[in-house]
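Residue-level structure breakdown
If you want the building blocks of each chain, they are given just below.
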Amino acid sequence: MIWGVGVVVKRAYRYRFYPTVEQADQLNRTFGCVRKVYNLALQARTRAWSVDGQRSTYVQSSAWLTE
């Protein structure tokens, strides 16, 4: 088979992870924080749309989160 320019080859790998109790606790805290920040950003974007009728872009949300 001849591969031309622009051909994309996709591959998938599957891994198993067996965290220790300490690692599992840290992962749970990290994912909890990520979920909280995502929900706060979503709430702000939803409020901006429903109250002001303005869309909030990813860049604006990112800037707000890093203030």
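Look up: the structure comes first, before these words.
Values in this document were obtained by computation on a predicted structure and should not be read as measured data.

Now for the packing of helix α1 (residues 21-52) against helix α2 (residues 58-65). Where α1 meets α2, the closest approach of the two axes is 11 Å, and the angle between their N-to-C directions is 120°. Classified by the angle between their axes, α1 and α2 sit oblique to one another. Between α1 and α2 lies a crossing whose hand is right-handed. Residues V37, L40, A41 and R45 of α1 touch α2, and the partners they reach there are Y58, S61, W64 and L65. Class assignment for the residues of the contact of α1 with α2 results in 6 nonpolar, 1 polar and 1 charged.

Reading the values: the criteria
Along each chain, the written sequence defines residue order, and numbers are assigned to residues from 1. pLDDT decides what is reported in this predicted model: residues at 70 or higher carry local features, side-chain atom pairs at 80 or more are listed and counted, and totals for whole chains, interfaces and linings draw on all residues regardless. The basis for the side-chain values is all heavy atoms of the structure; hydrogens and waters are excluded. Whenever a helix is involved, its axis is fitted only over the stretch in contact; in every case the axis is a line through C-alpha atoms, and angles between N-to-C directions fall within 0 to 180 degrees. The secondary structure listing takes helices from DSSP runs of H or I that are at least 4 residues long and strands from runs of E that are at least 2 residues long, numbered from the N terminus. Here the word oblique covers every angle except those under 35 degrees (roughly parallel), over 145 (roughly antiparallel) and from 65 to 115 (roughly perpendicular). Helix crossings get a hand from a simple test, with the near helix turned counterclockwise from the far one by less than a right angle marking a left-handed crossing and a clockwise turn marking a right-handed one. Pairs of residues are marked as contacts when any of their non-hydrogen atoms sit within 4.5 Å. Nonpolar residues are Ala, Val, Leu, Ile, Met, Phe, Trp, Tyr, Cys and Pro. Charged residues are Asp, Glu, Lys and Arg, and all others, Gly as well, are polar.

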